[in-house]
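Each chain, letter by letter, is given below.
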Amino acid sequence: MNGHGGELTLATLAGYGVREIFTLSGGHIFPFLDACVKAETRIYDVRHEQTATFAAEGMAKLTRRPGVAVLTAGPGITNGVSAMTTAHFNGAPLVVLGGRAPQTRWGAGSLQELDHVPIVSSITKLASTVTATADIPKLVNEAVTAALSPHRGPVFLDFPLDVVFASADADVPSAVVPRGADPDPDELQRAAALIAGAERPVLFAGSDVWWDGAWEALRRCVEELRVPTFVNGLGRGTIPADHELAFSRTRGTIKAEADVVVVVGTPLDFRLSFGSFGTAQVVHVCDSPESRASHAEVAAAPAGDLTAILDAFASFAGARKDHEPWIAKLRDEEQAKRAAERADLDSDSDPIHPARIYGELNKRLDRDAVVIGDGGDFVSYAGKYIESYQPGCWMDPGPYGCLGTGLGYAIAARAAHPDRQVALLLGDGAIGFNGMDFDSLVRHGLPVVAIVGNNGIWGLEKHPMRAIYGYDVAADLQPGCRYDDVVKALGGAGETVTSPADLGPALDRAFEAGVPYLVNVLTDPANAYPRSSNLA
């Protein structure tokens, strides 16, 4: 085809199902915008490049295809670095296309002249500059292929002004979505024998089960081998929360009593005790050999296509132990702990207990609702109390822990799923990172229900600092701040809730509003989420 740089780029991306870009306008990237207009590709423009990049990562998370952010040169790209880093830690196939000062005058001091590649190379799978217009389809295809190849991750290309505005003839490669490698059969057998022969096995399923499209294979595996299953990250929903083998409240018992722990598609990081589970043997199942843990002792580590690995486990024909007594023990403990939680979920305390918000929200969420968490303590309660029943329905920042993901993820969620509920859960600290992008939700007609847990503090810092030093500093926000009035001023709607009895009706109004609606809930600043994880 013949076209300018933007048209050649978009034609290549279209083969991978890309139907939208996320951006903030700048002169360096006009050809990309022109190409989108001509191809009727949706442009979501926002108020800050971090939101554009988080939205693109969010679209990748929701669809398992490339999410595309188009950022102008210099500060546009550096504003997106935290979101690229988040995608790096999440293994998300984010594609960032950047503007760049012209190469024919490089070094003369053009506006926003900056060599971006060294800045982003450590957080991307591929980072390079396109130097010839005719090379654009080939290089874009190589970048997308890298982003989608297990272990997935972000890629970056920048385009000098004189390259992207120019036109050329070029062939657009066919889109081919890569798959994981075939796992080693001997490693598979060793791992499967450990699981089947264990008396008290458990399995943790993480985000790569979703990225690999392996949730049905996961279900076949745990049902056939009868293994209690826990989830984290985008693994939430890969086995429904109400499945007989789904557990979430009995992790303490695992560390004390499990004899084999199988971790599938997630790193052995702080969320999983760095791969140490008492005396249990660990099987680490990865989507690629380079994802294997180097810091933990593992008994087996199959790597490759996760569907193939999980189906091989399910079809294991060797000797098996009876896991039913173990399942029954965990189920009894799970039910007892859930029963004990009712007091907080139904709490009438004043100020409002954060758990009460989730007690009310759970009554109103559909099974396919997309729930987004962006915050500290408030979202930790969400991680505990919000259930996921389908894959691709839970979004949080992931192990990088970067606040400010929420509005970008919400934009992507409503764009990807116009007919589903979208609930955005924000701490009153987190909303400060991206709150102006409620304007973007309004301008693009994207109704979202946002709930702010407003305790007037940085709770994740205030309480620990007091425990360590006996005092705290730099940990207070404005008490009772009217974030709902901010959203109203931007064209949305909302209200402040101070009484537990008013929570349910406020949420009903929010879901019925048809516009971006913020429920600003004043919660108890004395309440601290009870943590047991060792973060480092």
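Look up a bit, the structure's there.
Attention here is on the structure that accompanies the text.

Reading the values: the criteria
- Residues numbered from 1 in each chain as written.
- Predicted model: local features only at pLDDT ≥ 70, side-chain atom pairs only at ≥ 80, totals over all residues.
- Heavy atoms only, no water.
- Pairing = 2+ DSSP bridges.
- Helix = DSSP H or I, 4+ residues; strand = E, 2+ residues; numbered from the N terminus.
- Contact = heavy atoms within 4.5 Å.
- Axes fitted to C-alpha atoms, helices over the stretch in contact; angles between N-to-C directions.
- Patch = residues over 30% accessible without salt bridge, like charges linked within 9 Å, V, L, I, M, F, W, Y side chains within 5 Å.
- Areas by Shrake-Rupley, 256 points an atom, 1.4 Å probe, with all protein chains shown as cover.
- Salt bridge = Lys/Arg side-chain N within 4 Å of Asp/Glu carboxyl O.
- Buried < 20%, exposed > 50% of the residue type's maximum accessible area, 1.4 Å probe, protein only.
- Right-handed = clockwise from strand over helix to strand, strands pointing away.

## A closer look at the sheet that holds strand S14 (residues 394-395)
Here's step 1: One open sheet accounts for six strands, arranged S14-S13-S15-S16-S18-S17; its pairing is parallel. Both edges of this open sheet fall to S14 and strand S17 (493-497), since each of them pairs with a single strand only.
Here's step 2: Direction of pairing for strand S13 (residues 370-374) relative to strand S15 (residues 422-427): parallel, over a ladder of five bridges. Within the sheet, the bridge partner assigned to Ile-372 lies in S15 and is Leu-424.
Here's step 3: Across the sheet, helix H16 (residues 377-385) lies against S13, S14, S15 and strand S16 (449-454), angled at about 140° from S15, the strand it touches most.

## Observations regarding a nonpolar patch on the surface
Here's step 1: Taken together, the side chains of Ile-468, Tyr-469, Tyr-471 and Val-473 present a nonpolar region at the surface, about 460 Å² in accessible area.
Here's step 2: Mapped onto the secondary structure, Tyr-469 falls in helix H20 (residues 459-469).

## Notes on the environment of Tyr-483
Here's step 1: By the secondary structure assignment, Tyr-483 is in helix H21 (residues 483-489).
Here's step 2: Once the C-alpha coordinates of Tyr-483 and Val-452 are considered, the two residues, 31 residues apart in sequence, prove to be 8.1 Å apart.
Here's step 3: Ignoring any residue separated from it by four or fewer positions in sequence, one finds Tyr-483 in contact with Asp-428, Ile-431, Val-452, Asn-454, Leu-518 and Asn-520.

## Examining the side chain of Arg-65
Here's step 1: The residue Arg-65 is located in the loop between helix H3 (49-63) and strand S4 (67-71) in this model.
Here's step 2: Note on Arg-65: relative accessible area 9%, which makes it buried.

## Considering the pairing of strand S2 (residues 20-23)
Within a regular beta strand, the side chains point alternately toward one face of the sheet and then the other, so they alternate between its two faces.
Here's step 1: Burial along S2 is two-sided: the residues Glu-20 and Phe-22 and Ile-21 and Thr-23 are all buried.
Here's step 2: Bridging between S2 and strand S3 (residues 42-45) involves four bridges; their strand directions are parallel. Considered in S3, the bridge of Thr-23 is made with Asp-45.
Here's step 3: The handedness of the S2 to S3 crossover, carried by helix H2 (residues 30-39), is right-handed.
Here's step 4: Judged from the two bridges that link them, S2 and S4 form a sheet pairing that is parallel. Considered in S4, the bridge of Phe-22 is made with Ala-69.

## Re the pairing of S16
Here's step 1: The buried count for S16 comes to six of six residues, which makes it a mostly enclosed element.
Here's step 2: In S16, alternate side chains face the same way, and those of Val-449, Ile-451 and Gly-453 on one face and Ala-450, Val-452 and Asn-454 on the other are all buried.
Here's step 3: In this structure, S15 lies alongside S16, joined through five bridges in parallel fashion. Along S16, the bridge assignment pairs Leu-425 with Ile-451.
Here's step 4: Inspection of the sheet shows S16 paired to strand S18 (residues 517-522) by six bridges, in the parallel sense. Within the sheet, the bridge partner assigned to Gly-453 lies in S18 and is Val-521.

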